[in-house]
There are 2 protein chains.
Amino acid sequence: MENFIYDKRIYYHPIEFAMVHIGGTWKIPILLALRNGPQRYGELKTTISHITDKMLVTQLRELEKKKMIYRSVYRQKPPKVTYTLTVHGKQAFAAIDALTMFGNYMINITEVIS
Amino acid sequence: MENFIYDKRIYYHPIEFAMVHIGGTWKIPILLALRNGPQRYGELKTTISHITDKMLVTQLRELEKKKMIYRSVYRQKPPKVTYTLTVHGKQAFAAIDALTMFGNYMINITEVIS
DNA sequence: TCCTTTACATACAAAATAGTAGGTAAAGCA
DNA sequence: TGCTTTACCTACTATTTTGTATGTAAAGGA
């Protein structure tokens, strides 16, 4: 299998499919925030600096749809919702870690202002 | 070091920096095409299906600027130019391979039309 | 001199992605 | 009843990325 269709879009390489799962500005930060255990919505918002409500919500919804995370609702006084990694979500970390290593490598060989 | 500046832009995580090197639609296909050895411009154009001249040129220029590939010009009858991976470019393959594996994993657990 | 081949370049348009600003629902409590 | 907290949603705008179409330079050969 080399190319295939999903959700009315054609993919030519597995990497393109990987990217719809962890690509964009915010999906990886969200997955990393959940790496040490579930977090509620408000916690994610403070853990992940600079993220807006809109971005956080849309990316959480996409990750949930793709079965990378799941959403738990606690019916309480002020509502409580937590997000947790699924097994599929955890599978992403091999790639995420490899990307981190490559990024660090490129930082070291590049003139960067810290 | 957690955030830093490069080319007038601020980065908060090494992955963001990795992504400016291998992100976008065409950089990884180009790197993969060069994996088995240097290729000339015209060869890349046929190896990488669907790529346009504009995309191929701009991505080659960016990869060259970032020292991921280098450009060799042969002064000949019709001009000849080849592109070759540098050591830095080769460093990307650990991440690229990890992404490929994750992509394949997600393809398998997803209902995909092949 | 004109033609052909190779490797580009450039203006413009379209599409995808991200950000801004403001609003809402639910439910207990004063 | 009105207030507060948490977890969202929506319309609109801005920015970034990609694609389309067309053009050009160099150099040898007919």
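Just so you know, these numbers come straight off a predicted model, no measurement behind them. (Residues numbered from 1 in each chain as written. Chains lettered and ligands numbered in written order. Predicted model: local features only at pLDDT ≥ 70, side-chain atom pairs only at ≥ 80, totals over all residues. Heavy atoms only, no water.)

Student: How do you make sense of the protein's contact with DNA strand D when you look at a structure like this?
Tutor: Near DNA strand D you find 20 residues, and of these Val57, Arg71 and Tyr83 of chain A together with Thr25 and Lys54 of chain B are the closest. Each atom of DNA strand D within 4 Å of the protein belongs either to a base or to sugar and phosphate, the latter forming 63%. Within the side chain of Asp53 of chain A, an N or O atom sits 2.9 Å from a base nitrogen of DNA strand D. Trp26 of chain B has a polar side-chain atom sitting 2.9 Å from a phosphate oxygen of DNA strand D. Sorting elements by how many residues they give to the surface near DNA strand D places helix H4 (residues 53-65) of chain A first, with four residues. Residues belonging to the surface near DNA strand D are distributed by class as follows: eight nonpolar, four polar and eight charged. (Near = heavy atom within 4 Å. Polar contact = N/O pair within 3.5 Å; in protein donor to acceptor, adjacent residues only side chain to side chain. Helix = DSSP H or I, 4+ residues; strand = E, 2+ residues; numbered from the N terminus. Nonpolar A, V, L, I, M, F, W, Y, C, P; charged D, E, K, R; others polar.)

Student: Honestly, the sheet that holds strand S3 (residues 39-40) of chain A in this entry has me stumped. Any pointers?
Tutor: Pairing between the strands of a sheet is mediated by backbone hydrogen bonds and can be parallel or antiparallel. All names here are of chain A. An order of S3-S5-S4 is seen for the three strands of this open sheet, with the pairing classed as antiparallel. With partners counted over all chains shown, the strands left at the sheet margins are S3 and strand S4 (69-74), one partner each. Where S3 lies against strand S5 (residues 80-85), two bridges are found, and the strand directions are antiparallel. The partner of Gln39 across the bridge, within S5, is Tyr83. Here H4 sits on the sheet and contacts S4 and S5; the angle it forms with S4, its principal contact strand, is near 110°. (Pairing = 2+ DSSP bridges. Contact = heavy atoms within 4.5 Å. Axes fitted to C-alpha atoms, helices over the stretch in contact; angles between N-to-C directions.)

Student: Explain the relation of the copies chain A and chain B to me, please; I cannot follow it from the model alone.
Tutor: One copy of the chain maps onto the other through a rotation about an axis followed by a shift along the same axis. The transformation that overlays chain A on chain B combines an axial shift of 0.0 Å with a rotation of 180°, and the residual RMSD is 0.0 Å. The operation mapping one copy onto its partner corresponds to a two-fold rotation axis. For chain A, the residue whose C-alpha comes nearest the rotation axis is Ala95 of chain A, separated from it by 3.1 Å. Counting the interface residues of chain A, we find that 100% of their copies in chain B are interface residues as well, pointing to one common contact surface. (Least-squares fit on C-alpha atoms with pLDDT ≥ 70 in both.)

Student: Honestly, the protein's contact with DNA strand C in this entry has me stumped. Any pointers?
Tutor: The immediate surroundings of DNA strand C are formed by 20 residues, with Thr25 and Lys54 of chain A together with Val57, Arg71 and Tyr83 of chain B found nearest. When atoms of DNA strand C within 4 Å of the protein are split into backbone and base, the sugar-phosphate part holds 68%. Residue Arg40 of chain B places a side-chain N or O atom 2.9 Å away from a phosphate oxygen belonging to DNA strand C. Counting residues per element, the ones that place at least two in the surface near DNA strand C are H4 of chain A together with helix H3 (41-47), helix H4 (53-65) and strand S5 (80-85) of chain B. Each residue belonging to the surface near DNA strand C can be placed in one class, and the counts come to eight nonpolar, four polar and eight charged.

Student: Please clarify how the packing of aromatic side chains should be interpreted in this entry.
Tutor: Centre-to-centre distance and the angle between the planes together describe a pair of aromatic rings. The full count for this structure, using the stated rule, is eight aromatic pairs over all chains. On the basis of an interplanar angle of 90° and a centroid distance of 5.4 Å, the ring pair of Tyr6 of chain A and Phe17 of chain A is categorised as edge-to-face. Taken together, the positions of Tyr6 of chain A in strand S1 (residues 4-6) and Phe17 of chain A in helix H1 (residues 14-22) put the pair 11 residues apart, joining distant regions of the chain. The exposure class of Phe17 of chain A is buried, given its relative accessible area of 0%. For the pair Tyr11 of chain B and Phe17 of chain B, a centre-to-centre distance of 5.3 Å together with 85° between the ring planes defines the contact as edge-to-face. For Tyr11 of chain B, a relative accessible area of 4% corresponds to the buried category. An aromatic cluster of three or more residues is present, and its members are Phe4, Tyr6, Tyr11 and Phe17 of chain A. Over the aromatic face of Phe93 of chain B sits the side chain of Arg35 of chain B, whose NZ or CZ is 4.1 Å from the ring centroid. The ring of Tyr74 of chain B has Lys80 of chain B sitting right over it, with the charged end atom 4.8 Å from the ring centre. (Phe/Tyr/Trp six-rings, centres within 6.5 Å; stacked < 30°, edge-to-face > 60°. Buried < 20%, exposed > 50% of the residue type's maximum accessible area, 1.4 Å probe, protein only. Lys NZ or Arg CZ within 6 Å of the ring centre and 35° of its normal.)

Student: Sorry if this is basic, but what is going on with the interface of chain A and chain B here?
Tutor: Many analyses report the size of an interface as the accessible area lost when the parts associate. Taken together, the contacts link 41 residues of chain A with 41 residues of chain B. Together chain A and chain B conceal approximately 3500 Å² of surface at their shared face, both sides included; 82% is due to carbon and sulfur atoms. Area buried by chain A at its contact with chain B is led by Ile15, Leu99 and Phe102 of chain A, which between them contribute 16% of it. For the interface between chain A and chain B, the tally reads zero salt bridges. (Buried area = accessible area lost by both parts, 1.4 Å probe. Salt bridge = Lys/Arg side-chain N within 4 Å of Asp/Glu carboxyl O.)

Everything listed here is a matter of geometry and, on its own, says nothing about what the molecule does.
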